[in-house]
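This is what each chain is made of:
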Amino acid sequence: MTDQRQQAEKTQQGPIRMHDPAPMPVVGEAGVVERDGRKALIDRFGRHIDYVRLSVTDRCDFRCVYCMTEDMQFLPRKQILSLEEIHRVARSFTELGVDKLRITGGEPMVRNNVMSLFRDLGALPGLRELLLTTNGNQLQKFAQPLRDAGVNRINISIDSLDAERFARISRVGKLENVLKGIEAARQAGFERIKLNAVIMRGYNDDEVLGLTRFALDRGIDIAFIEEMPLGESSDHEREDTLCSNDWVREQIEAEYSLLPSAATTAGPSRYYQVPGHDSRIGFISPVSHNFCGDCNRVRVTVEGRLLLCLGNEHSVDLREVLRDEQADDAVLRDRIVKAMDIKPMRHHFYNPEHAQPIRLMNMTGG
Ligand code: SAM
Ligand code: SF4
């Protein structure tokens with residue numbers, strides 16, 4: 001094990017255990033197959049890709065310390081996909097059997113006229129779930145229209161329940177707006193609401209139980225996320241703040257019993273329930289646990305780059321096809337299917353033997 005990796009492990013509350021499964025074999029060519037009477041997009045490791053995260057902007061009304069630099073430069077308008085182009089990408093994926101779309105960013109709700117996109121996506125045939133990840137800052141205004149447009153579930157990021165700390169972590173955010181946004185979401189009738197909290201040593205690691213109680217009291221879900229080394233942080237050394245979810249879970253288990261929940265989905269998260277409560281408690285552990293074997297997702301950046309893995313640079317340009325007047329939807333679908341051939345087996349966060357992503361999270365689509 002390298003020095004840097006050891007350093008990352010040492011900075012935990014106790015040593016961080018890396019749970020690393022054996023490499024997966026290549027089982028065949030990537031492509032589209034028929035499964036249970038439906039199309040299924042398959043990569044060369046046999047993973048079924050049925051979930052796409054679409055970024056609709058790299059901009060945001062916050063500047064969270066783990067996500068952006070303070071003096072972030074945003075993309076010029078002509079480089080970003082129009083709402084029509086984003087809709088065309090979404091439709092092509094659903095035609096290939098993808099039935100779950102998450103809208104993300106940057107902050108999706110700062111994109112001009114984004115509600116028209118939600119309404120169009122909500123009407124896509126074949127879509128089973130339309131989801132949103134937001135910082136909650138504008139939910140007082142948009143929660144009900146989002147639900148009416150067909151958004152099934154919503155994730156709201158909140159890293160602290162202390163106003164000053166919240167402002168420190170988000171650099172500019174107001175906790176009060178987000179709390180009101182959460183209430184507006186509760187009134188709007190989403191199927192589920194989940195809070196997302198990135199726990200950082202020295203920033204909010206003493207709020208694990210407070211955030212858990214907040215979610216339990218409201219019957220909403222909460223997921224704790226390990227900070228990923230996506231781009232360089234201008235605020236802190238990521239190895240110094242990295243907090244293992246094994247440790248976060250121990251904090252919760254000191255007060256509550258956690259029983260595995262049937263809600264666990266493919267990907268880096270595992271869910272639990274506290275007896276007597278509706279809430280699910282999730283641990284999104286892409287650093288300490290490698291669940292790449294059941295990864296079911298890809299991302300599309302707002303520049304139209306199809307990212308095959310959050311922790312690798314492997315990508316394919318869809319914008320070129322979208323803006324080629326000779327290229328119809330069949331060409332676009334073909335490019336998506338061929339891209340499955342380069343979906344990497346796994347990521348290697350904090351491992352200097354492997355290149356770390358240089359994209360910040362707002363450029364990636366969280
Ligand atoms: N603006 C929206 C929000 O904050 O929910 C959506 C985009 S944001 C990039 C999506 C999620 O990524 C948020 O929950 C955020 O906390 C998380 N995130 C951002 N940078 C991260 C990092 N370096 N490591 C882990 N999670 C990160
Ligand atoms: Fe904005 Fe979300 Fe990134 Fe925070 S995590 S800066 S809210 S995009």
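Check the entry above for the structure.
Rules of the game
Here the residue index of a chain counts from 1 through its sequence in written order. Labels follow written order: the first chain is A, the first ligand is 1, and so on. Note on the predicted model: pLDDT of at least 70 is required for a residue's local features to be given, and 80 or more for side-chain atom pairs to be given and counted; whole-chain, interface and lining totals, by contrast, use all residues. Side-chain numbers come from the whole structure's heavy atoms, not from hydrogens or water. A run of H or I in DSSP becomes a helix once it reaches four residues, and a run of E becomes a strand once it reaches two; helices and strands are each numbered from the N terminus. Using a 1.4 Å probe on the protein chains alone, a residue whose accessible area is under 20% of its type maximum counts as buried, one over 50% counts as exposed, and one in between counts as partly exposed. Two residues form a contact once any of their heavy atoms are found within 4.5 Å. Surface accessibility follows the Shrake-Rupley procedure with a 1.4 Å probe radius. Residue values consider only the protein chains on display as shielding. Only strands that DSSP links by at least two bridges are regarded as paired with each other. Counting of polar contacts relies on pairs of N or O atoms within 3.5 Å, with two restrictions inside protein: one atom must be capable of donating a hydrogen and the other of accepting it, and residues adjacent in sequence are counted only when both atoms are side-chain atoms. To get an axis, a line is fitted to the C-alpha atoms, and for a helix only the part in contact is used. The angle between two axes follows their N-to-C directions and goes from 0 to 180 degrees. If an angle is under 35 degrees, it is roughly parallel; if it is over 145, roughly antiparallel; if it lies from 65 to 115, roughly perpendicular; otherwise it is oblique. Crossing handedness is defined as follows: a turn of the near helix away from the far one that is anticlockwise and smaller than a right angle gives a left-handed crossing, while the clockwise case is right-handed. Residue classes follow a fixed rule: Ala, Val, Leu, Ile, Met, Phe, Trp, Tyr, Cys and Pro count as nonpolar, while Asp, Glu, Lys and Arg count as charged, and any other residue, Gly among them, counts as polar. For this description, a residue counts as near a given molecule or strand if any of its non-hydrogen atoms is within 4 Å of it. Remark: nonpolar core denotes a set of buried residues (Ala, Val, Leu, Ile, Met, Phe, Trp, Tyr, Cys) joined through side-chain atoms within 4.5 Å.

Turning next to the overall build of the chain. Helix and strand counts for the chain stand at twelve helices and 15 strands. Of all 366 residues assigned to the chain, the portion counted as buried reaches 58%. Contacts in the chain between residues at least 24 apart in sequence constitute 71% of all its contacts with a sequence separation of at least 6. Within the structure as shown, the chain displays about 15700 Å² of accessible surface, and the carbon and sulfur contribution to it stands at 47%.

Another point: the sheet that holds strand β3 (residues 48-49). Strand order in the open sheet made by the three strands is β1-β2-β3, with antiparallel pairing throughout. In this open sheet, the two strands that pair with only one neighbour each are β1 (31-35) and β3.

Attention now moves to the side chain of Asn 152. The topology assignment puts Asn 152 in the loop between α4 (139-149) and β7 (153-157). Engagement of the side chain of Asn 152 in a polar contact is seen with the backbone nitrogen of Leu 130, the distance being 2.7 Å. Dropping the residues within four chain positions of it, Asn 152 is found in contact with Arg 128, Glu 129, Leu 130, Arg 147, Phe 190, Glu 191 and Arg 192.

This brings us to the packing of helix α2 (residues 83-95) against helix α3 (residues 114-122). Between α2 and α3, the shortest axis-to-axis distance is 10 Å and the interhelical angle comes to 25°. In terms of their interaxial angle, α2 and α3 are classed as roughly parallel. Judged by the sense of rotation from one axis to the other, the crossing of α2 with α3 is right-handed. Residue-level contacts link Leu 83, Ile 86, His 87 and Ala 90 of α2 to Val 114, Ser 116, Leu 117, Asp 120 and Leu 121 of α3. Taken together, the residues that form the contact of α2 with α3 break down as six nonpolar, two polar and one charged.

A few words on the site of ligand 2. Neighbouring ligand 2 are Cys 60, Phe 62, Arg 63, Cys 64, Cys 67, Met 68, Gly 106 and Asn 135. Considered class by class, the residues forming the shell around ligand 2 number five nonpolar, two polar and one charged.

Turning our eyes to something else, we now look at the site of ligand 1. Contacts to ligand 1 come from 19 residues, most closely from Tyr 66, Gly 106, Glu 107, Ser 157 and Met 228. At a separation of 3.1 Å, an oxygen atom of ligand 1 approaches a polar side-chain atom of Tyr 66. Considered on its own, ligand 1 offers 550 Å² of accessible surface; in the complex 96% of this is hidden by protein. Every element with two or more residues in the shell around ligand 1 is listed here: β6 (129-134) and β8 (192-198). In terms of residue class, the shell around ligand 1 is built from six nonpolar, nine polar and four charged.

Of all hydrophobic cores here, the largest spans 102 residues; its most connected members are Phe 93, Leu 101, Phe 118, Leu 146, Phe 224 and Leu 306. For this core, the leading source of residues is helix α6 (residues 175-188), giving six residues. Those residues in contact with Leu 101, other than ones at most four positions away along the chain, are Val 52, Leu 54, Ala 90, Leu 121, Leu 124, Leu 127, Glu 129, Leu 130 and Leu 131.

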